[in-house]
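Chains, contacts and geometry: an overview
So you can see what is in the structure, the chains are spelled out below.
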Amino acid sequence: MPIVVGVQFKPVTKIYHFDAAHMLDLGPQDYVVVDTARGPEVGQVVQPPHQIGAEEVVGEMKRVLRKASAWDLVQRDLWLHKEQEALAICKVKAKEHNLNIKLIRCEYSFDGGRLLVYFASEERVDFRSLVRDLARVFRTRIEMRQIGVRDEAKLLDGVGKCGRQLCCTSWLREFTPVSIRMAKNQQLPLNPDEISGVCGRLLCCLSYEDELYREQNKKMPKLNAEVLTPHGAGRVRHIHPLKETVTVMLENQALVEVAVSELISTKSAGGSGCSTCGGCTVKRRASAEEDNARIRAEMARRKAAKEGEPRALADAEKSSGESQSGGESSLRRRRRRRRPRGRSEGEN
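My aim in this report is to walk through the structure given alongside it, one point at a time. Bear in mind that the values here come from a model prediction, so they are computed numbers and not experimental data. (Residues numbered from 1 in each chain as written. Predicted model: local features only at pLDDT ≥ 70, side-chain atom pairs only at ≥ 80, totals over all residues. Heavy atoms only, no water.)

Re the sheet that holds strand β12 (residues 255-259)
Rules: A pair of strands is labelled paired if DSSP reports no fewer than 2 bridges between them. Helix numbers and strand numbers start at the N terminus; a helix is a DSSP run of H or I with at least 4 residues, a strand a run of E with at least 2. Only the contacting stretch of a helix is used when fitting its axis, a line to C-alpha atoms as for every element, and angles between N-to-C directions run 0 to 180 degrees.
With antiparallel pairing, four strands are arranged side by side in an open sheet as β9-β10-β11-β12. Of all strands in the sheet, those with a lone pairing partner are β9 (226-229) and β12, marking the two edges. Averaged over all pairs of adjacent strands, the angle between their axes in this sheet comes to 50°, without regard to strand direction. The pairing of β9 with strand β10 (residues 232-240) spans four bridges and is antiparallel. Paired with glutamate 226 across the strands is arginine 235, a residue of β10.

Below, the structure is given as structure tokens:
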């Protein structure tokens, strides 16, 4: 298994692994010069030499060239102080070329041989003429890199909704995927202004407790599910995953908060049905039939109030399912005696 060392090039950024089999005396906070695809770079050791599996190595493993000397660090700091000046010049040149881009940061390599310019734009930009102009001004290799709004917030830093420094700047090295499903699992309001960060994207902290909420939600009954509590039967109106309790509206319209463990009829911790007896299903069917019967009776009473007793008698006979041989003949005789609708008293 290869022996590698973890190196970061900027504070709170991604950690890259480099081959350190010939330098086992490296420790955290040491500065080293490593070989990268863009040439030699100065980085800081954050993980001492350790072994990793061969399956974790992707592509060619670059080597640690040497420990950074005092002159390497002085040279790096010298170019670091020139980055703000370079950024101001780049902004002026971008305005001269009428490019609709937002320049965010300029970074020199430790020896000044390359200038990396970060910018943000909502569309593709042809910056070839700008690169040629900047190369004539700085006399070095120019690279333009377009970044998204999250990377922009990480570079600029700021304060989040919680009042603390942004996670992506203070400790979060890599961004994790965040979806609206995470906000739903935590019962958060789906208002974009409340669940979005300063970058305009969903808050990164939504992913921190998502796994816990998903596990807790498996133990909870569904909203509007019929449950049987020590206080009586009712329906679930609110769930509280962290407290493992639910708010139930009883049949007398009272709201009570009950622990999930005290529910007599609910889902099990595994997320399956409470049992295989079918009692809940039978209860739901019986309740639905009763509701339908009440609705039919109410409709019949309303028709009786509007149309009179003969029509109500017919509706009652149809709903009860009684024999209609004698009832139908009497109803027809009554209908014949009734005056047709739409005629006035003077008409024959």
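So much for the structure itself; the text now carries on.
Digging into the packing of helix α2 (residues 83-96) against helix α3 (residues 128-138)
Note the following rule: Should an angle fall under 35 degrees it is called roughly parallel, over 145 degrees roughly antiparallel, and 65 to 115 degrees roughly perpendicular, with every other angle called oblique. Put simply, a crossing is left-handed when the front helix is turned counterclockwise from the back one by less than a right angle, and right-handed when it is turned clockwise. Any two residues whose heavy atoms approach within 4.5 Å at even a single point are treated as in contact. Only Asp, Glu, Lys and Arg are considered charged, only Ala, Val, Leu, Ile, Met, Phe, Trp, Tyr, Cys and Pro nonpolar, and every remaining residue, Gly among them, polar.
In the contact formed by α2 and α3, the axes pass within 10 Å of each other and the chain directions differ by 140°. Judged on the interaxial angle alone, α3 and α2 are oblique. In the crossing of α2 with α3, the sense of the turn from one axis to the other is right-handed. Where α2 approaches α3, its residues Ala86, Ile89, Cys90, Lys93, Ala94 and Glu96 are matched on the opposing element by Leu130, Asp133, Leu134, Val137 and Phe138. Its residues placed into classes, the contact of α2 with α3 shows eight nonpolar, no polar and three charged.

What to know about the pattern of salt bridges
Applicable threshold: Salt bridges are counted wherever a side-chain nitrogen of Lys or Arg sits within 4 Å of a carboxyl oxygen of Asp or Glu.
Applying the stated criterion across every chain yields a total of 18 salt bridges. A salt bridge links glutamate 215 to lysine 218, with the shortest nitrogen-to-oxygen separation between them at 3.7 Å. Taken together, the shared-partner salt bridges in this structure form one network comprising Lys93, Glu96, Asp133 and Arg136.

Observations concerning the layout of surface pockets
Inclusion rule: Put simply, the grid is 1 Å and covers the protein atoms alone, a cavity is a trapped set of points that fit a 1.4 Å probe, a pocket is an open set with protein on both sides within 12 Å along at least five of seven lines, and lining residues have an atom within 4 Å of a point. Grid points are joined across faces, edges and corners, and a volume is the space filled by probe spheres set on the points.
Its volume calculated, the largest pocket comes out at about 1,600 Å³. For the largest pocket, the lining is made up of 50 residues, of which Phe9, Lys10, Thr13, Lys14 and Tyr16 are closest to its centre. Contributions of two or more residues to the lining of the largest pocket are made by β2 (16-19), β3 (31-36), β4 (39-51), α1 (70-80), β6 (102-108), β7 (114-120), α4 (149-156) and α5 (167-170). Broken down by element, the residue count for the lining of the largest pocket peaks at four residues, all from β4. Split by residue class, the lining of the largest pocket holds 23 nonpolar, eight polar and 19 charged.

Digging into the packing of aromatic side chains
Rule in force here: Within 6.5 Å between ring centres, the rings of Phe, Tyr and Trp (the latter by its six-membered ring) count as paired, and their orientation is classed by plane angle as stacked under 30 degrees, edge-to-face over 60, tilted in between. A simple rule labels every residue: compare its accessible area, found with a 1.4 Å probe on the protein chains alone, to the largest value its type can have, and call it buried under 20%, exposed over 50%, or partly exposed in between.
For the structure shown, the criterion picks out five aromatic pairs. Consider the rings of tryptophan 79 and tyrosine 108, whose centres lie 4.9 Å apart with planes at 45°: the pair is tilted. On the criterion of sequence distance, the pair formed by tryptophan 79 in helix α1 and tyrosine 108 in strand β6 is long-range, its members being 29 residues apart. With relative accessibility at 13%, the residue tyrosine 108 sits in the buried group. Geometrically, the ring pair formed by tryptophan 171 and tyrosine 208 is tilted, given 5.6 Å between the ring centres and 50° between the ring planes. Here the residue tryptophan 171 occupies a position in the loop between α5 and α6 (180-185), and tyrosine 208 occupies one in the loop between α7 (192-195) and α8 (210-217), the gap between them amounting to 37 residues. Taking relative accessible area as the criterion, tryptophan 171 reaches 48% and is therefore assigned partly exposed. These aromatic residues form a ring-pair network of at least three members: Phe9, Tyr16 and Phe18.

Considering α1
Working note: α-helix, 3.6 residues per turn, so residues spaced by three or four point in the same direction. Going by this rule: The arc refers to the directions leading from the helix axis to the C-beta atoms.
Along α1, the positions that sit buried rather than exposed are Asp72, Gln75 and Trp79. Down the axis of α1, the buried set is contained in an arc of 65°. They therefore lie on one face. Against the buried residues of α1 lie β3, β5 (64-67), α2 and β6.

Here's the deal with the side chain of glutamate 107
We count it as follows: In the analysis that follows, any N or O atom pair within 3.5 Å is treated as a polar contact, provided that within protein one partner can donate a hydrogen and the other can accept it, and provided that, for residues neighboring in sequence, both atoms belong to side chains.
Structurally, the position occupied by glutamate 107 is in strand β6. Take glutamate 107: its relative accessible area is 12%, and that puts it in the buried class. In terms of polar contacts, glutamate 107 uses its side chain to reach the side chain of tyrosine 118, at 3.4 Å. Those residues within four positions of glutamate 107 in sequence are excluded, and the remaining contacts are Lys10, Glu83, Arg114, Leu115, Leu116 and Tyr118.

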